Amino acid sequence: MKRAISKRHLLSVRNISKRFVTSTGLIRRKIIAATQAVDNVSFDLHVGETVGLVGGSGSGKSTLARIILRLIEADSGEVWFDGEPITSLAPDRMRLFRKDFQVVFQDPLHSLNPRRTVAENIMRPLLNFGTARAAARLRAESLMVTVGLNPATIDRYPHEFSGGQCQRIAIARALALKPRLLILDEPVSALDVSVQAQILNLLKSLQAEFNMTYLFVSHDLGLVRWMCDRTLVMYRGKLLETGNSDVVHDQPAHPFTRDFIATVLTMSGDAKWADVAARLDDAETPAEVDEHGCIYAPVCSECRPVCRRKPPVLRHLPTGQAVACHLYEHTSENSAWIHQRAAGVVS
Ligand SMILES: Nc1ncnc2c1ncn2[C@@H]1O[C@H](COP(=O)(O)OP(=O)(O)OP(=O)(O)O)[C@@H](O)[C@H]1O
Ligand SMILES: [Mg+2]
């Protein structure tokens, strides 16, 4: 079934920032750690599209997903869903939107209630939104069929199913309220490789059948390329590159995206993308980062003086990508530096 991607925005994320602060002391609170988990991130999702949010461990993907779902509040910025600014909606208004976006998390066993049967798990959102029990039960049975499970097993408990089957149950529950947006936060990372493909194929066919929009969170750029129309690359809370998934993968523009892909190619077959990002992070010396400079400057092979004193903004390239990197600015300082490097004056 062919998917229709509309030009209409279903979701618009505007300048979202979130900083986590850990402090001690009851009266005189002392900050012992602070993490800028998401830093001024903006992007749009079109109706029917799948957008991949990719980045290493701790790059802020889940925090951003949780802010969109309003499971946590952003420090600043706005999220618009179908033309409504949902970040500022009161809880009763927000409830009306809740059924339009659902989430599937990485670990299905943790996201399902182990003390309730599969039927109760899938029916829960329907009952919360006022569906009568008998109708909810019928819908749960039909959702079991939709996700490829035998409805005769609906009165069993989650622990009686395999990891892949539990993820199918979690997907059935997420579909119960007919959401328009599904946020998939590493939906197959906890599953065996053989089961991963089945779940991803199921997600693809469900999207085509129900014309849903997906935000697919992953640390695996290869998987994101296969699954997603567009890719957003995050590093330490910042969006560094966005574009058509094939273009981002085949012609990565940001030095981080290039390093990310190049490092994977040099690693053994079973290496995980998260390990790659950890390697890039290990090489970093955060003390060297000027708070006004580019976050990737300390390890970037293309780093120039401007990168340490000025934050790059996302700018569009002729290939359709948008890249936050001074390399693509046509300034006299930039040209002089490129010239000097070609002449071997700087390394
Ligand atoms: N509740 C919290 N309190 C303090 N710090 C947090 C909290 N949640 C996340 N963080 C920090 O924010 C940063 C981003 O975390 P986040 O979980 O969003 O990353 P991620 O990209 O989803 O990583 P992963 O791929 O490992 O799931 C990390 O440094 C993390 O330690
Ligand atoms: Mg995460």
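Structure's up top.
Below you will find a few notes about this structure. Here the residue index of a chain counts from 1 through its sequence in written order. Numbering of ligands from 1 and lettering of chains from A proceed in the order in which they are written. Note on the predicted model: pLDDT of at least 70 is required for a residue's local features to be given, and 80 or more for side-chain atom pairs to be given and counted; whole-chain, interface and lining totals, by contrast, use all residues. To obtain the side-chain values, all non-hydrogen atoms of the structure were included, while hydrogens and water were left out.

**Let's talk about helix H5 (residues 133–146)**
(1) Moving on: By definition, any uninterrupted DSSP run of H or I lasting at least four residues is a helix, any uninterrupted run of E lasting at least two residues is a strand, and each is numbered from the N terminus. For a helix, the expected span equals 1.5 Å multiplied by the residue count minus one. A rise of 1.5 Å per residue sets the reference length of H5, with its 14 residues, at 20 Å; its end C-alpha atoms lie 20 Å apart and thus fit the reference within 8%.
(2) Moving on: Burial here depends on accessible area, computed with a 1.4 Å probe over protein chains only, as a share of the maximum for the residue type. Under 20% is buried, over 50% is exposed, and the range in between is partly exposed. All buried positions along H5 are accounted for by Ala136, Ala140, Leu143 and Met144. Viewed along the axis of H5, the buried residues span an arc of 105°, placing them on a single side of the element. Summarising the geometry of H5, the exposed residues directed more than 90 degrees from the buried face are Ala134, Leu138 and Val145.
(3) Moving on: Contacts are assigned to residue pairs that have any heavy atoms within 4.5 Å of one another. Against helix H4 (118–128) and helix H6 (163–175) lie the buried residues of H5. Comment: arc refers to directions from the helix axis out to C-beta atoms.

**Brief notes about the site of ligand 1**
(1) Moving on: Note on definitions. A residue lies near a molecule or strand when any single heavy atom of the residue is within 4 Å of it. In the neighbourhood of ligand 1, the contacting residues comprise Phe20, Thr35, Ala37, Gly56, Ser57, Gly58, Ser59, Gly60, Lys61, Ser62, Thr63 and Glu186.
(2) Moving on: The contact in question runs from an oxygen atom of ligand 1 to an N or O atom on the backbone of Ser59, over 3.1 Å.
(3) Moving on: Definition of a polar contact: a pair of N or O atoms within 3.5 Å, with one able to donate and the other able to accept a hydrogen when the atoms are protein atoms, and with sequence-neighbouring residues admitted only if both atoms are side-chain atoms. The separation between an oxygen atom of ligand 1 and a polar main-chain atom of Gly60 is 3.0 Å.
(4) Moving on: For ligand 1, whose accessible area on its own is 640 Å², the fraction buried by protein is 60%.
(5) Moving on: Secondary structure elements with two or more residues in the shell around ligand 1: strand E2 (30–46) and helix H1 (61–68).
(6) Moving on: Here the element with the most residues in the shell around ligand 1 is H1; it accounts for three residues. Residue exposure ignores everything except the shown protein chains as possible cover, and the areas themselves are Shrake-Rupley values with a 1.4 Å probe.

**So, the pattern of salt bridges**
(1) Moving on: Any carboxyl oxygen of Asp or Glu that lies within 4 Å of a side-chain nitrogen of Lys or Arg is treated as forming a salt bridge with it. Tallied over the full model, the rule gives 17 salt bridges.
(2) Moving on: Across the salt bridge formed by Arg8 and Asp82, the nearest N and O atoms sit 3.0 Å from each other. Linking Arg8 in the segment before strand E1 (9–24) with Asp82 in the loop between strand E4 (76–81) and strand E5 (84–85), this pair joins segments that are 74 residues apart in sequence.
(3) Moving on: What makes Arg8 partly exposed here is its relative accessible area of 44%.
(4) Moving on: Glu302 is the salt-bridge partner of Arg258, the closest N and O atoms lying 3.7 Å from each other. On the criterion of sequence distance, the pair formed by Arg258 in helix H10 (residues 255–266) and Glu302 in the loop between helix H11 (273–282) and helix H12 (305–309) is long-range, its members being 44 residues apart.
(5) Moving on: On the basis of relative accessible area, Arg258 is assigned to the partly exposed category, the value being 30%.
(6) Moving on: Several salt bridges share partner residues, and in doing so they unite Arg8, Asp82, Asp100 and Arg180 into one network.

**What about the packing of aromatic side chains?**
(1) Moving on: Between the rings of Phe, Tyr and Trp (Trp by its six-membered ring), a pair exists once the centres lie within 6.5 Å; its type follows the angle of the planes, with under 30 degrees stacked, over 60 edge-to-face, and the other angles tilted. Tallied over the full model, the rule gives six aromatic pairs.
(2) Moving on: When the centroid spacing of 6.1 Å and the interplanar angle of 90° are considered together, the rings of Phe81 and Phe97 count as edge-to-face. Highlighted residues: Phe81 in strand E4 and Phe97 in helix H2 (residues 91–98), separated in sequence by 16 residues.
(3) Moving on: Exposure remark for Phe81: the relative accessible area of 0% places this residue in the buried category.
(4) Moving on: Seen from their ring centres, Phe256 and Tyr296 are 5.3 Å apart, and the 80° between their planes marks the pair as edge-to-face. Within this pair, whereas Phe256 is found in helix H10, its partner Tyr296 is found in the loop between H11 and H12, the two being separated by 40 residues in sequence.

**Quick word on the nonpolar core**
(1) Moving on: Judged by nonpolar contacts, the single largest core of 59 residues is most densely connected at Ile122, Ile171, Leu175, Leu203, Tyr214 and Phe216.
(2) Moving on: It is H6 that provides the largest number of residues to this core, a total of seven residues.
(3) Moving on: Excluding its chain neighbours within four sequence positions, the residues that come into contact with Phe216 are Thr50, Val51, Gly52, Leu53, Leu184, Pro187, Leu200, Leu223, Val224, Met227 and Cys228.
(4) Moving on: Counting 31 residues, the second-largest nonpolar core is a separate cluster that includes Val13, Ala37, Val51 and Leu181. The term nonpolar core refers to a set of buried residues drawn from Ala, Val, Leu, Ile, Met, Phe, Trp, Tyr and Cys, joined through side-chain atoms within 4.5 Å.

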